[in-house]
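# Summary of structural features
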Amino acid sequence: MAFTLYTLIQTAILCINAIAVLHEERFLSKMGWGADQGVGGFGDDPGVKAQILNLIRSVRTVMRGGVVVNSGGYRVLQLLGERICDNASWCI
Amino acid sequence: MDYSAAQSGFRQRKLQHNMRLRNSSVDGPDGGQLFDDTSAAGPANQGVYRNQQAGPQAAGPPGQSFLSDPMSNLAMVYGSSLATQGREMVDKNLDRFIPISKLKYYFAVDTVYVGKKLGILVFPYMHKNWEVSYQQDTPVAPRFDVNAPDLYIPTMAFITYILVAGLALGTQNRFSPELLGVQASSALVWLIMEVLAVLLSLYLVTVNTDLTTIDLVAFSGYKYVGMIIGIIAGLLFGRLAYYLSMLWFCGAIFVFMIRTLRLKLLSEAAAEGKLVRGTRNQLRMYLTMSIAAAQPVFMYWLTYHLIR
C-alpha cells in the first residue's frame, strides 16, 4: 500500500475535523459523553473514558475558530494537492 | 615554531590573540565565503605567523600586507563577530524546532554498543538485566549502557531497508527510481502513524513514564533490523528462508519490546513479575502487549510485497 506523506496529512485533517463537528448538546450529552460528565474523580486515576472526553473537548475548543475544513477549504486543499501530485513524478 | 624566540611584548600577544580569533572564526562556519582571501589566510596561516616574527619584510604571501593594515584588521574582526552572531542566532532558532542537543544524546554510540545491541535484537533471550542506568536523573548515554535506546541503529536500518527493498524490486524487474521514493515515504508514514498511535494510547492510559517521543521512534525503528535480514534471506534462499527468518525475528522483537517496555510502563511491583490486580495495571499490561504485538504485524506488512 503506497502511502504518501500527503495522504497522512489528509487523514489527519479529516480525523480532526470529524472530532470537531461532534455537537455538544444534540449528540454527546445524549450518549453520556458530555463535557460535564467526564470530570469525575479528582483522584490519581482519571480513567480511559475521562481521558477520551478530555481529548474530544480540547479538540473542539481548539478547532472552534477553524472549521474551515467543512467549507470550501478542504476542496481547495484537495485541488492543490492533486496539482502538486500531478506535476511531480515523485509524490512525497 | 620559533615565535617565542622573536620579539615579545604586548603587541606580540595581541597578534597571537587575533590569530586565534581568526582561526576559530574561519574554521567555524563556512569561512571560505565570508572572507575573500581564505586561501591565503587558511593554509598560509603558519606562513603569516612566521612572517610577522621576521618583521615587516614585504616578501611574503599577500596575507601579511593584509594583516598589517589596521583598517582591514578592524574589518576582519568585525566580520568574524558578525559571523559568530549569525551562527548563534541560527543555532538558537533551530534548537527551538528540533531539539538538537537532545538528538546528540541518541547518537552517542560506539562500535561495541552497536555490536551488543544488534546481538540483543537478534537473540534477546539470554540478556538478563534490562534496566537503563541513570546518572543523576538523566539517562546515561548509549555508549555506556546497552539498554539505552539510540537513534543510530534505527536510522541506519531504515535507510538500509529502503536500499534492500530497491534491490528486491530490482531482482524482480519491477524497479524504477521513483519506487525508492515511494517505498521511503510509505515506510516513513507507517512509522509516524505507529508512533502517533503509541503516543495516543499512552495518553489515554495515563501512564507516568519518562518515555520521550524520540524513545518511541527509536523503539519503532528497531524492527527494521529484522526486516532487512528477512528480506535478504528471502532473496538469497527463497520463500522458505524468508518465512523462517521472519518468524525468528518476529519472536525476537516481541520479546525485546516486552522486556524493554515492561520496565518503563508498568509499576514497580508488576515489572518484577508479581501479579498485581487492579484495572490500571491490567490496562498497562494490555498496552505493553499490544505495542509489542504490533511490531511483527508491521514487519510482515512492510516486507511481504517484496518477496514474490
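Here the structure is a predicted model, which is why all the values come from computation and not from measurement. Within each chain, residue numbers correspond to sequence positions counted from 1 in written order. Ligands are numbered from 1 and chains lettered from A, in the order in which they are written. Only residues with pLDDT of 70 or above have their local features reported here, since the model is predicted, and side-chain atom pairs are shown and tallied only from 80 upward, although totals for entire chains, interfaces and linings are computed over all residues. Values shown for side chains rest on all heavy atoms present in the structure; no hydrogens or waters enter the calculation.

### Quick look at a nonpolar patch on the surface
Residues and elements named next belong to chain B. Judged by side-chain polarity, Leu94, Phe97, Ile98 and Ile100 come together as a nonpolar surface patch covering roughly 390 Å² of accessible area. Helix and strand definitions here come from DSSP, where helices need a minimum of 4 consecutive H or I residues and strands a minimum of 2 consecutive E residues; each element is numbered from the N-terminal end. If you trace the backbone, phenylalanine 97 turns up in helix α6 (residues 70-97). For phenylalanine 97, a relative accessible area of 69% puts it in the exposed group. Exposure above 30% relative accessible area and no salt bridge define the residues that can form patches, which grow by joining like charges within 9 Å and nonpolar side chains of Val, Leu, Ile, Met, Phe, Trp and Tyr within 5 Å. With residues, only the protein chains shown are counted as cover, and all accessible areas are computed by Shrake-Rupley using a 1.4 Å probe. Counted as salt bridges are all cases of a side-chain nitrogen of Lys or Arg within 4 Å of a carboxyl oxygen of Asp or Glu. The rule is simple: take the accessible area with a 1.4 Å probe, protein chains only, and divide by the maximum for that residue type; under 20% is buried, over 50% is exposed, in between is partly exposed.

### Points about the pattern of salt bridges
All names here are of chain B. Inspection of the entire model under this criterion finds 1 salt bridge over all chains. Between lysine 223 and glutamate 194 there is a salt bridge; the shortest N-O distance is 2.8 Å. Here lysine 223 is found in helix α12 (residues 223-237), whereas its partner glutamate 194 is found in helix α10 (residues 177-204), with 29 residues between them in sequence. As far as burial versus exposure is concerned, lysine 223 and glutamate 194 are alike and both buried.

### Considerations on the packing of helix α1 (residues 5-20) of chain A against helix α3 (residues 47-62) of chain A
Residue and element names in this part refer to chain A. Between N-to-C directions, angles span 0 to 180 degrees; the directions come from axes that are lines fitted to C-alpha atoms, helices contributing only their stretch in contact. Look at α1 against α3: their axes get within 8 Å of each other, and the N-to-C directions meet at 100°. For the element pair α1 / α3, the angle class is roughly perpendicular. Contacts between α1 and α3 involve Ile16, Ile19 and Ala20 from the former and Ile56, Val59 and Arg60 from the latter. In the contact of α1 with α3, the residues fall into 5 nonpolar, no polar and 1 charged. Under this scheme an angle from 65 to 115 degrees is roughly perpendicular, one under 35 degrees roughly parallel, and one over 145 degrees roughly antiparallel; angles in between are oblique. Should any heavy atoms of two residues lie within 4.5 Å, those residues are considered in contact. Three categories are distinguished: nonpolar for Ala, Val, Leu, Ile, Met, Phe, Trp, Tyr, Cys and Pro, charged for Asp, Glu, Lys and Arg, and polar for the others, with Gly belonging to the last.

### A look at the environment of Asn147(B)
All names here are of chain B. Topologically, asparagine 147 is positioned in the loop between β2 (138-139) and α9 (152-171). The class of asparagine 147 is buried, set by a relative accessible area of 9%. The sequence separation of asparagine 147 and valine 132 amounts to 15 residues, and the corresponding C-alpha distance is 5.4 Å. In this structure asparagine 147 touches Lys117, His127, Asn129, Trp130, Glu131 and Val132, once residues within four positions along its chain are discounted. What qualifies as a polar contact is a pair of N or O atoms within 3.5 Å, subject to a donor-acceptor requirement within protein and to the restriction that residues adjacent in sequence count only when both atoms come from side chains. Only 2.9 Å separates the side chain of asparagine 147 from the backbone oxygen of asparagine 129, close enough to count as a polar contact. A polar atom in the side chain of asparagine 147 sits 2.8 Å from the backbone oxygen of glutamate 131.

### Some words on the packing of α9(B) against α12(B)
All names here are of chain B. The contact between α9 and α12 brings their axes to 8 Å, and the two run at 25°. Classified by the angle their axes make, α9 and α12 are roughly parallel. For α9 against α12, the interelement crossing comes out left-handed. Between α9, through Ile153, Ala157, Phe158, Thr160, Tyr161, Val164, Leu167, Ala168 and Thr171, and α12, the contact on the second element is made entirely by Tyr224, Val225, Met227, Ile228, Ile231, Ile232 and Leu235. For the contact of α9 with α12, the class distribution of residues is 14 nonpolar, 2 polar and no charged. A crossing counts as left-handed when the near helix is turned anticlockwise from the far one by less than a right angle, and as right-handed when that turn is clockwise.

### A word on the packing of aromatic side chains
Residues and elements named next belong to chain B. The aromatic pairing rule takes the rings of Phe, Tyr and Trp, using the six-membered ring of Trp, and pairs them if the centres are within 6.5 Å, calling planes under 30 degrees apart stacked, those over 60 edge-to-face and the rest tilted. On inspection of all chains with the given rule, the structure shows 14 aromatic pairs over all chains. Note on phenylalanine 123 and tyrosine 125: the rings are 5.3 Å apart at their centroids and 80° apart in plane angle, and the pair reads as edge-to-face. The class of phenylalanine 123 is partly exposed, set by a relative accessible area of 38%. Since its relative accessible area comes to 32%, tyrosine 125 is described here as partly exposed. Ring plane angle 20° and centroid distance 5.6 Å describe the contact between tyrosine 300 and tyrosine 304, whose orientation is recorded as stacked. Taking the relative accessible area as the measure of exposure, tyrosine 304 reaches 39% and is therefore partly exposed. The structure contains a cluster of three or more aromatic residues connected by ring pairs, namely Trp190, Phe298, Tyr300, Trp301 and Tyr304.

Coordinates in, geometry out; function isn't part of it.
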